[in-house]
Protein chains: 2
Amino acid sequence: MALSTDRFLADLDALRRIGTYKSGVHRPTFGPEDMESRHWLVAAMQAAGLEASIDGIGNVFGRHPGPGPHLLAGSHIETQNQAGWLDGVLGVVGALELARAGLPVDVCAYADEEAHWGDFIGSRSLIGELSEEDIDAARNRYTGAALRPTLEAVGLAGRPRLLLDPARYKGALEMHIEQGTQLENAALRIGVVTGIVGIRQFRIVITGQQDHTGGTTMRERRDAGLTAVRLLGLLDREMPRAAAERSVWTTGRIALEPNAPMIIPGRAEIVFSFRDLSEAVMDRMEACLRAVVQESNRQERCPAVLEEISRSAPALSDPAIVGAFQGAAEALCPGAWQAMPSGAIHDSQILARKLPVGMLFVPSIGGISHHWTEDTRREDLALGMEVLHGAAQRFLAA
Amino acid sequence: MALSTDRFLADLDALRRIGTYKSGVHRPTFGPEDMESRHWLVAAMQAAGLEASIDGIGNVFGRHPGPGPHLLAGSHIETQNQAGWLDGVLGVVGALELARAGLPVDVCAYADEEAHWGDFIGSRSLIGELSEEDIDAARNRYTGAALRPTLEAVGLAGRPRLLLDPARYKGALEMHIEQGTQLENAALRIGVVTGIVGIRQFRIVITGQQDHTGGTTMRERRDAGLTAVRLLGLLDREMPRAAAERSVWTTGRIALEPNAPMIIPGRAEIVFSFRDLSEAVMDRMEACLRAVVQESNRQERCPAVLEEISRSAPALSDPAIVGAFQGAAEALCPGAWQAMPSGAIHDSQILARKLPVGMLFVPSIGGISHHWTEDTRREDLALGMEVLHGAAQRFLAA
């Protein structure tokens, strides 16, 4: 019943051989390789003494048969297309190793965190926030195929969907690759996640007048692209005043119409988003954005309309779990860890609606993720496993 | 042998019935409707007593059989796709009417000003600046079809290409729609073109680092889109200091990669162009652009590389022709005309390399061109014809 990082690494290697793509893997949710990996996981859970099943939405759940207090641990097992071998899998196999090491841990691979079919359908189903209508409406983002017949085709139709019993758990843990370069750049080996940032995403549509560049004087023009540049320049100057130290904000998309060299743009569409751990900071950032759009409309000939695309709330880690991770990290790699927010989204932010949660990051080489070249050094993987195990022990004992 | 604006308008109407598209026409160069209009024009030239032919590049040329000094007059007869009934045709039919009114005018419809197959292939051929290799290399910009076999298919293979004899002409005249709103906005009926602007077009490529928006701190980012916004903001602030009163400058194209809402742009491509009648002003504007790119490279993490795409020289109108147009305009519509540059390109700028040139604009309703809704009031068309005729008489007599 001792922890074995060798066994943990061997299981990661075993899953790397299902749906191998170059040095990564290709296991989109409910494809044949993905289903093979889910059945592999059921067998591994059973071998570890867990009561294992795949539920009606594809969650692979291994229930610990012994007495509590229990922990829930896991992540996801499917991958982005032609992606890395560790993204998600690391947290599932790490959770499995906790159970094998004798801890009272239920293990779960939450279905489709990678959003081939929707938005956290596995973890939302588990906490009771995915309706049958949601399933009827879900389509594959790449192929447009419907989810409902796909669940039937892979043998999951008619199975019950598991529902989380929050009273059973002291908390939920997730180990994951960082998907960034903060640890690598700081030469650190462990990140203790203080929370998962909230995201607010907005569209700004600017309407001008499409015209020939030759025949239209500067005074006559209503150049939607120029208004976009001025608005974004103002946002670039103002946002640092509203943001906090770890806030990020991004203009990912600028689309001019017709975007032709010799035509004055008649329309510009901007997608702007920002992230922070604090709702109060995000409120300040949103107020800044709204003020910038208002100022643009006061100064410019081309009106700008702001609309919200989406918003998600930040999910703070449980202080006791953070303390357990910090204690274990300092014991196992003193000085080589840091507390940090997760800028990326994870199932833990869904689980946080029902349970205390906490996450652990290991470094990503070059920060690469969602690509088959994603990788992490084996000694960092093993250290991550040890810290996860130490933290689980500390938290259970607290 | 008197001028007849009714006959002139009737011929415009006749050509509108060849390749009709809604209230406009669709006659792309060397398509069946275009060839029908060229043969129509040959017949009309012959009826006017001109020696008419279509040459090996598609120029329709009507040579006046009488003694000189001669004028050359014309424009183009093909259209943009699904475009207007007057763009080009106005100047060809106007030139034909000059000949019918008894003036010593050679009439030419220069082939493919609308650039379906290249860059002024008709007028360049006429002045001896289009090689056989140019023809071999020319492809249709929409279909990719080769020009050489197309010339054969429409019956032009093997025909000689006409070569301009500059000594034959006192100058060249072109009447055209404005393709802008300057006349309309000023409630004027005639524009006397002082010259055709030069154009310089540049590409700016900015290289950053594509990253996830969540995992990359603001300090770590190399956001090519943000550098583009800052560079264009600086250009927006600096260019008015370099430009002259009638200069125009335009960012028509901004292309981010991958242009996805949640990914930091790794690359940005900008196409920037400017126009002016003065080479000295354009030199100042180019120096401003180069200084802005240099300053961006001094301030920003993402390098910007500037490259020239194309440049064309301005073509100034001949002062004696401008004087003739001004005199005729003031006589026929006192106070209702202005001198103005042409921001759009025309065959006259090619002819200007060999001959004194001058152009006349009539208003475009709403400034619309290259669209089937393009139109001009019939009284403005008739007035344009009268001013063209009056100016041709004055210039010949000068």
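See the structure shown above.
Report follows, based on the coordinates. Note that the structure is a prediction, hence the values are computed from the model and not measured.

1. Some words on the overall build of chain A
In terms of regular secondary structure, chain A is built from 12 helices and 17 strands. Radius of gyration (C-alpha) of chain A: 24 Å, near the 21 Å computed for a compact globule of 398 residues. Every one of the 398 residues in chain A was classed for burial, and the buried ones make up 53%. At a minimum sequence separation of 6, the contacts of chain A that also span at least 24 residues come to 77%.

2. A look at the sheet that holds strand β13 (residues 267-276) of chain A
Across a sheet, strands are paired by hydrogen bonds formed along the backbone, either parallel or antiparallel in direction. All names here are of chain A. Overall, antiparallel pairing links the four strands, which are arranged β11-β13-β9-β14 in an open sheet. Of all the strands in the sheet, the pair left with one neighbour each is β11 (248-257) and β14 (304-312). Strand-to-strand twist in this sheet, taken as the mean axis angle between neighbours without regard to direction, amounts to 15 degrees. Judged from the nine bridges that link them, β11 and β13 form a sheet pairing that is antiparallel. Within the sheet, the bridge partner assigned to Thr250 lies in β13 and is Ser273. Contacting β9 (198-207), β11, β13 and β14, helix α8 (residues 224-242) runs over the sheet at an angle of about 15 degrees to β13.

3. Comments concerning the relation of the copies chain A and chain B
Of the transformation superimposing chain A on chain B, the axial component is 0.2 Å and the angular component is 180 degrees, with the fit at an RMSD of 0.2 Å. Overall, the copies show the geometry of a two-fold rotation axis. Relative to the rotation axis, the C-alpha of Val229(A) is the closest in chain A, positioned 2.8 Å from it. In this assembly the copies share their binding face: 98% of the residues contributing to the interface of chain A also contribute to that of chain B.

4. Here we look at helix α1 (residues 5-16) of chain B
Residues and elements named next belong to chain B. The first and last C-alpha atoms of α1 sit 17 Å apart over 12 residues, in line with the 16 Å expected at 1.5 Å per residue. Among the residues making up α1, those that are buried are Phe8, Asp11, Leu12 and Leu15. Down the axis of α1, the sector holding all buried residues measures 100 degrees, keeping them to one side. α1 presents Asp6, Ala10 and Asp13 as exposed residues on the side facing more than 90 degrees away from its buried surface. Lining the buried residues of α1 we find α2 (32-47), α3 (89-100) and α12 (378-397).

How each quantity is defined
- Residues numbered from 1 in each chain as written.
- Chains lettered and ligands numbered in written order.
- Predicted model: local features only at pLDDT ≥ 70, side-chain atom pairs only at ≥ 80, totals over all residues.
- Helix = DSSP H or I, 4+ residues; strand = E, 2+ residues; numbered from the N terminus.
- Rg over C-alpha atoms; globule rule 2.2 N^0.38 Å.
- Buried ≥ 20, exposed ≤ 12 C-beta atoms within 10 Å, placed from the backbone.
- Contact = placed C-beta atoms within 7 Å.
- Pairing = 2+ DSSP bridges.
- Axes fitted to C-alpha atoms, helices over the stretch in contact; angles between N-to-C directions.
- Least-squares fit on C-alpha atoms with pLDDT ≥ 70 in both.
- Expected span 1.5 Å × (residues − 1).
- Arc of directions from axis to C-beta.

Any link to function would need more than the numbers given here.
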